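# A look at the structure
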Amino acid sequence: SQSGGGGGGGGGGLSGGERRRLSVALELVTEPKIFLADEPTTGLDSAQAEKVVRLIRTLAKERNVPSVMTLHQPKSSIWRMLDRIILLAPGGKMCYAGDRKSATDYFKRIGFECPENTNPAEFFIDLVTIDTDDPEQAVADEARINLLHHRFLQSCTPDDPWPPPVSDGNALIKQQSQRSIDDVTKRRFPSIYPILRTKARNASNGIRRFGALLQRSWRQNIRDGRIITLRLGASVVQAWLFASIFKSVRDDKSLTRSIADRVALLTYGVINMSIMALMKTLDLFAKERSVVMREQMRSNYSSLEYLLAKVFAEIPLDSFFALVFAATLKRLTGLRTSMMTLIKTYCLMTVTSVSLGFSIGSITSSVESAMSLGVPVMVIFMVVGVINPSGVDTDDPPNKIMELLKVGSPIKWAIEALVTAEFRGMVFNEKDRGRWGQLKDLPRMGALAMVQDGDNVLKNLGLGTAKYSDRMEKLAWLSGIYLLMSWIGLSYFGPSFIDTDDV
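Keep in mind that what you see is a predicted model, and the values were worked out from it rather than measured.

Calculation rules
- Residues numbered from 1 in each chain as written.
- Predicted model: local features only at pLDDT ≥ 70, side-chain atom pairs only at ≥ 80, totals over all residues.
- Heavy atoms only, no water.
- Core = buried A, V, L, I, M, F, W, Y, C linked by side-chain atoms within 4.5 Å.
- Buried < 20%, exposed > 50% of the residue type's maximum accessible area, 1.4 Å probe, protein only.
- Helix = DSSP H or I, 4+ residues; strand = E, 2+ residues; numbered from the N terminus.
- Contact = heavy atoms within 4.5 Å.
- Phe/Tyr/Trp six-rings, centres within 6.5 Å; stacked < 30°, edge-to-face > 60°.
- Lys NZ or Arg CZ within 6 Å of the ring centre and 35° of its normal.
- Salt bridge = Lys/Arg side-chain N within 4 Å of Asp/Glu carboxyl O.
- Pairing = 2+ DSSP bridges.
- Right-handed = clockwise from strand over helix to strand, strands pointing away.

## Notes on the nonpolar core
By size, the foremost hydrophobic cluster in this structure holds 54 residues, and its most contacted members are Val270, Leu329, Tyr346, Val419 and Phe423. Counting only elements with at least two residues in this core, the list comes to helix H9 (225-245), helix H10 (259-297), helix H11 (303-332), helix H12 (339-361), helix H13 (367-385), helix H15 (410-423), helix H17 (454-460) and helix H18 (468-492). Sort the elements by how many residues they give to this core and H10 lands first, with eleven residues. What Val419 contacts, discounting residues up to four positions off in sequence, is Leu266, Ile387, Leu458, Leu461 and Leu463.

Pasting the structure below:
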């Protein structure tokens with residue numbers, strides 16, 4: 001990005017003032033117990049400095065966060081934004097602490113009246129400045145500062161309160177009402193009041209943090225309309241391409257001739273959409289990893305809040321592309337599976353693939369490492385997930401490792417769900433062909449050779465007792481497991497700190 005000390009910052013980047021306001025907003029959005037800013041306007045021109053202070057004031061009042069900042073020579077407009085001030089002289093001597101509006105009257109009473117048409121902030125800073133270039137003036141300045149400090153200490157009383165700022169009358173009523181409710185709760189439930197208060201505050205802050213993260217994730221998704229358009233077009237084009245390759249899957253074609261093509265069409269469709277969802281998630285999740293770790297180091301939000309925001313932002317968009325692909329595929333082919341079944345399966349498979357991408361991205365630190373791990377994992381899940389056209393050899397069952405890999409493959413459960421829905425109850429009863437025509441169109445090799453109906457196809461493929469609902473349930477459970485792994489990965493592989501007590 002382009003940096004600059006003021007203005008809007010040309011070239012499409014962020015200026016210095018914009019970056020300063022962004023950093024302030026990122027800190028205040030988490031609603032800290034107190035906000036401290038050390039010279040937030042340093043290095044900025046007067047216009048940008050005013051914007052930064054105005055942002056701090058607005059967000060602090062909206063979120064009821066006490067804010068303290070150090071300022072050097074604020075201009076008049078900034079001075080009028082302040083609620084209360086502390087005037088410090090060299091050596092940490094406090095010369096004033098109180099309401100900003102009362103400051104000029106206070107100094108007038110002790111013999112230091114601010115001249116007309118003079119910025120009070122500049123006048124007060126001059127009062128506590130020591131001219132080190134002139135020894136005689138330096139002695140006079142120190143004497144004046146000692147006097148101001150002594151007079152301020154004399155003006156302070158033990159019972160002099162400094163109440164928190166209230167933005168307006170409505171806020172005051174709301175604050176007093178909340179205080180009354182808290183007092184009643186504290187009297188009636190003294191033992192659990194601190195717990196209730198802490199949980200209520202944490203819940204409110206958590207919802208706001210989640211909302212901010214969700215908004216940021218949605219903006220990232222919709223910011224680049226070109227990418228969304230390309231992905232949408234790719235979903236339509238890929239569906240058309242698969243329909244063109246497997247031309248036998250048509251309503252006007254022989255049903256028996258299309259048996260092998262139906263299995264292949266559904267298989268390639270699942271593999272295609274699964275890989276697209278996984279690769280996109282890995283790329284996005286890994287790119288954000290460094291930013292997320294930096295923000296978590298500042299306790300801006302928790303791993304769970306970030307993960308939930310990504311789930312609600314990424315999964316609906318990816319599922320939409322799966323919906324477009326499934327709907328287009330159904331329109332261009334003669335698949336028996338209903339439109340709704342096809343859409344549900346592809347969408348749930350996409351959700352599972354995105355969840356898998358989250359889990360892999362949560363344990364990697366860069367796009368390169370995420371791809372290096374994600375691609376082999378997806379290839380393995382693809383190999384163990386596709387249906388063997390030769391059928392299942394019951395005399396040579398797979399080993400335990402292969403069975404475990406199959407259980408974790410979203411491709412396996414999605415293919416089996418679609419194949420089961422496609423062939424369950426299929427009957428070869430073409431009126432325009434005789435028995436010999438049906439036999440001639442059947443596959444000549446493998447498990448699909450000489451099958452009699454759709455149930456016979458499923459039996460030869462090892463899916464004789466398979467149910468569509470069971471496969472969909474497996475996909476749903478797998479999605480939840482991968483999301484849980486993502487949460488654990490973000491927490492375990494997140495930022496760590498050295499225990500300074502042992503150093």
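## So, the packing of aromatic side chains
A complete count under the given rule lists twelve aromatic pairs for this structure. Residues Phe246 and Tyr268 carry aromatic rings whose centres are separated by 5.9 Å and whose planes lie at 20° to one another, so their mutual orientation is stacked. Note that Phe246 is positioned in the loop between H9 and H10 and Tyr268 in helix H10, a separation of 22 residues in sequence. For Phe246, a relative accessible area of 9% puts it in the buried group. Geometry around Trp413 places Lys412 over its ring, the cationic atom sitting 4.8 Å from the centre. Of note, Lys474 hangs over the ring of Trp413, and the distance from its end group to the ring centre comes to 5.6 Å.

## Some words on the pattern of salt bridges
Counted by the stated rule, this structure contains 14 salt bridges. Here Arg54 and Glu50 are joined by a salt bridge, their closest N and O atoms 2.8 Å apart. With Arg54 and Glu50 both in helix H2 (residues 46-62) and four residues apart, this pair spans about one turn of that helix. Since its relative accessible area comes to 42%, Arg54 is described here as partly exposed. A salt bridge links Glu416 to Lys412, with the shortest nitrogen-to-oxygen separation between them at 2.6 Å. Highlighted residues: Glu416 and Lys412, both in helix H15, separated by four residues, approximately one helical turn. Of the two residues, Glu416 and Lys412, both sit in the buried class.

## Some words on the pairing of strand S2 (residues 67-70)
Relative to S2, strand S1 (residues 35-38) runs parallel, the two being bridged by four bridges. Bridge pairing in S2 links Phe35 to Ser67. Taken together, S1, H2 and S2 constitute a β-α-β crossover, and its handedness is right-handed.

## Focus: the side chain of Ser409
In this structure, Ser409 sits in the loop between helix H14 (400-407) and H15. Look past the residues within four positions of Ser409 in its chain and what remains in contact with it is Phe381, Val384, Gly385 and Leu478.

Function cannot be inferred from these measures alone, as they are strictly geometric.
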